[in-house]
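Examining the three-dimensional arrangement
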Amino acid sequence: MSFIDRHLGPRSADAEQMLSTLGYDSLGALMDAVVPEQIRLRADLPLPEPLTEQDALAKIAGYAAKNKVYAQMIGAGYYDAVTPAVLRRNILENPGFYTSYTPYQAEISQGRLEALLNFQNTVMELTGLEIANASLLDEATAVAEAVVMMHRANRKVKNGFFAIDSRCLPQVISVVRGRAQMLDIPFVITDFSDGLPEGDLYGVVFAYPAQDGQLRDIEPLIKAAKERKALVTVVADLLALTLLKSPGELGADVAVGNTQRFGLPFFFGGPHAAYMAVHKGMERTLPGRLVGVSQDSSGKPAYRLALQTREQHIRREKATSNICTAQALLAIVAGAYAMYHGPEGLRAIAERLHTNAARVATALQKAGYGIVHKNFFDTVVVEAPGAADELVAKALDAGVNIRRFDANRVGISVGESHGDAVLGRLVKALGGELPAEADPAFGIPDALLRTDDYMQHPIFHKYRSETEMMRYLRRLSDKDLALDRTMIPLGSCTMKLNAAAEMEPISWPEFAGVHPLAPADQAQGWHELIRELSDWLVAITGYDAVSLQPNSGASGEYAGLRAIRSYHEANGDHQRNTVLIPLSAHGTNAASAALAGLKVAGVATASDGSIDVEDLKAKIEKYGDAIAGIMITYPSTHGVFEEQVAQVCELVHAAGGQVYVDGANLNAQMGFAQPGKFGGDVSHLNLHKTFSIPHGGGGPGVGPLAVREHLVKYLPGDAYTADAEGNLPEGAALPIAQAFFGSAGVLPISWMYIAMSGAEGLKSSSAYAVLNANYVAKKLNDKFPVLYTGPGGLVGHECILDVRELTDRSHVTAEDVCKRLMDFGFHAPTLAFPVPGTLMMEPTESESKEELDRFIEAMETIYDEILEVADGKVALEDSVLRNAPHTVEVVSADEWDRPYTRTQAAYPVKSLRLNKYFTPVGRIDGAGGDRHFVCECPPMEAFDLEAQ
Ligand SMILES: *Cc1c(COP(=O)(O)O)cnc(C)c1O
């Protein structure tokens, strides 16, 4: 059987039956009816013939073989770390974790929420700050977020500037430069050797340690900044903080950085989880997701996403950031790494690294080299006037990559796996000999040594044995619904199969072990794979070029809007500062526009859900030459292929604007339409939706930016080519992420998907996605009317089920329906987006007819339950709907006084007797949790059974 036959859910006999339900005699006829003629692509996509699983794996193994894995001591933001096998196998390679969605539906996400809370608590403990979020995209964007957040949060210094440490990594400075430029925030880059700069300083960023390895006492500078009412961010190495005074103790307000060295491979630059921690009081301005503790309906502690972090789709351009997908899966690994080692284990690793680095410094000093800084953590910078290239070459001969700072200095960053054998070899190649002991001159100054206890909570002490850790991870994944248990019909999220063969290559050391700054000849396989994948994405979308740098859809949006702004500016159109965004757009669209310094003007939707062309014309009239462009989603988030899309694009072009087509819905149109051909100038795609990268419980993601010819020169550049001021070489656009290829480590997944699908297979994916959505829509339409349909009464690859009329009659809400679906073992559809009071469902092509029928049966049963409330037979508060979901504890309790039976609660349909999932908690009080915001791991007494 071919790959695509396995990838698609319905068997061909099923498909025929579904087509006849819809009244079409072939898939081709269905697609002809769905996709408007004007935009229809008639040629085949120029892609190679599909490969079998075995052949695709053999081909990608060929790319892997072209990479060379050296001992990586380059540092520069990426450090050698050991991934404990128990974490790789049971988290990174475990579909129970990697196929789950962002935990919006908290009751079926307690496992990953707990794991993310553990990550947050690790960060809080090590930074000495009270609140931490559940990951950011990478260190460079985390610093950029901090700079913007301090700007927003500092109410004492208005309209000021910030100062950033010139010894932050160059990629950090260039990403920050780009953000600040877009928002017109002034800043200075300084090493603070003359203290703080004069003027209205609203925020300061210090590197700790500095990128050249130096450890210095930043406490006096922090004190001075506080006296000036500036907020302070410290960019800190989390592992170093096991030995060093924490940012909190030093007086910082914010700490950010990377957690890569907590057990994550290099991945050729990403994905890795960055972190951000803040003082209490700043939680409401914090970007990204934040897990908090609340209570369920029985008073038990329960976790959920807290505060503003759930509500981006409502807050739009006023959201605290545009972050939607972050790095959840990687954060879960980093948190588990901290738990597995515990405070003493982490400290031992850090001490060993530090001692080894000091031994290297001792040897090289003895061999006659100058050592630039005596006080360092893991990075030794060696002075070698005019000889840096020679040293790099000698190290290479010994199988080690080291960092070339400039012609006169090299850096050596010692990592977790580096033992005496490789260190001895390196030192020998450089003309020295590794001593048994380090010269005590190379140490951490007493003033910087950490003296407080950290990570004292029992969770950091319970899971030392592998058996205990394995079982803990199993317990966590058992609490959750991921794709390995049920379809996840989340509209706009495309939760399709993440095939095992697609996943396998990502943990091969020939891919995962390559440092993003390794010499090009060591990464030849990576470059060939990336080139080929880029070409394929160009072929699929009809654009002219693509950048794989954005590490989420929203960061693709930001990059795309920046390209639009740069284009207008190059044309002298500085006044084009307004972007039109339909009210139905994904919340990230408006939030990204705000980040790119653009104003947002809403465009109304017509009664059929499409863009209101009259309103669009009025807005074009009103904003005139201030229009930078429009952001549209196609097919629209209403699930419809709008006929007038070409007209919309023409109107905006005629007004001098650019057209941004949000490509998150590309799954509906592969091989049938191309945004680069029907009017788009720029799009982002979501490889973690359409192209099979798993969602990881909220990341990693890849949001490639695809553009037409005239925007190619505005694609984000390579941060590593930045000078000390963060500027890129003439003509290159500033980067938007730390690594040139963003989350490169997961690109093999999409490569495998396309290689195994070929042009026909991708087309089948889209056609089956449309078939599945229309089948569900048709079957449920009588009970849950489909809100918007296009030509022929058909939808695209998703549909909005309207619950509002039922809500009016019964007061049962769409949220009640979501919670009740959990009792049937389903993940809910997307709730209240894009239309409040509705459910948007997207089955994807990977779901079988059997699974769709199971969902339909569940919805029909729920409909009958709603009618009982509407007819007054059952009071809403006592209903099975309002009391959903039902835990084992509730249905097996000795007392039962509800107006429905236990069977009705837990086994409302017969098939559940064969396969039943119980939520670990009852319905969670979200609002109550926000009123009393808590993000510490609950004390063990909270789970004390005697007390309850
Ligand atoms: C998912 C999605 C996004 C955002 O993508 P992230 O990777 O989560 O940042 C943007 N637009 C639409 C229409 C989406 O569905």
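All figures in this text were calculated on a predicted structure; none of them were measured in a lab.

Moving on to the sheet that holds strand β6 (residues 231–236). Read across the open sheet, the seven strands follow the order β2-β8-β7-β6-β5-β3-β4; overall the sheet is mixed. Each end of this open sheet is capped by a strand with a single partner; those strands are β2 (131–132) and β4 (187–190). Relative to β6, strand β5 (residues 201–208) is paired through six bridges, and the arrangement is parallel. From the neighbouring strand, F206 faces β6, where its bridge partner is V234. Each of β2, β7 (254–258) and β8 (274–278) is contacted by helix α7 (residues 110–127), which is oriented at about 60 degrees to β8, the strand it contacts most.

On to helix α2 (residues 12–22), then. All of the buried residues in α2 are A15, M18, L19 and L22. Along the axis of α2, the buried residues cluster in a sector spanning 100 degrees; they form a single face. Facing away from the buried side of α2 by more than 90 degrees, the exposed set consists of A13, E16 and S20. Check the buried side of α2 and you find it contacts α3 (27–34), α24 (747–780) and α27 (849–870).

Looking now at the site of the ligand. For the ligand, the set of nearby residues contains 15 residues, the closest of which are T325, S492, D662, H688 and K689. T325 places a side-chain nitrogen or oxygen 2.6 Å from an oxygen atom of the ligand. The separation between an oxygen atom of the ligand and a polar main-chain atom of A554 is 2.8 Å. Looking at the shell around the ligand, its residues break down into three nonpolar, nine polar and three charged.

Reading across from one edge, β1-β13-β14-β12-β11 is the order of the five strands in this open sheet, with mixed pairing throughout. Pairing within the sheet leaves two strands with one partner each, and these edge strands are β1 (71–73) and β11 (370–371). Note that strand β13 (residues 400–406) and strand β14 (residues 409–413) share three bridges and pair antiparallel. In the strand pairing of β14, R404 is matched with V410.

Here is what the cut-offs are and how they apply
- Residues numbered from 1 in each chain as written.
- Predicted model: local features only at pLDDT ≥ 70, side-chain atom pairs only at ≥ 80, totals over all residues.
- Heavy atoms only, no water.
- Pairing = 2+ DSSP bridges.
- Helix = DSSP H or I, 4+ residues; strand = E, 2+ residues; numbered from the N terminus.
- Contact = heavy atoms within 4.5 Å.
- Axes fitted to C-alpha atoms, helices over the stretch in contact; angles between N-to-C directions.
- Buried < 20%, exposed > 50% of the residue type's maximum accessible area, 1.4 Å probe, protein only.
- Arc of directions from axis to C-beta.
- Near = heavy atom within 4 Å.
- Polar contact = N/O pair within 3.5 Å; in protein donor to acceptor, adjacent residues only side chain to side chain.
- Nonpolar A, V, L, I, M, F, W, Y, C, P; charged D, E, K, R; others polar.

Function cannot be read off these values alone, since they describe shape.
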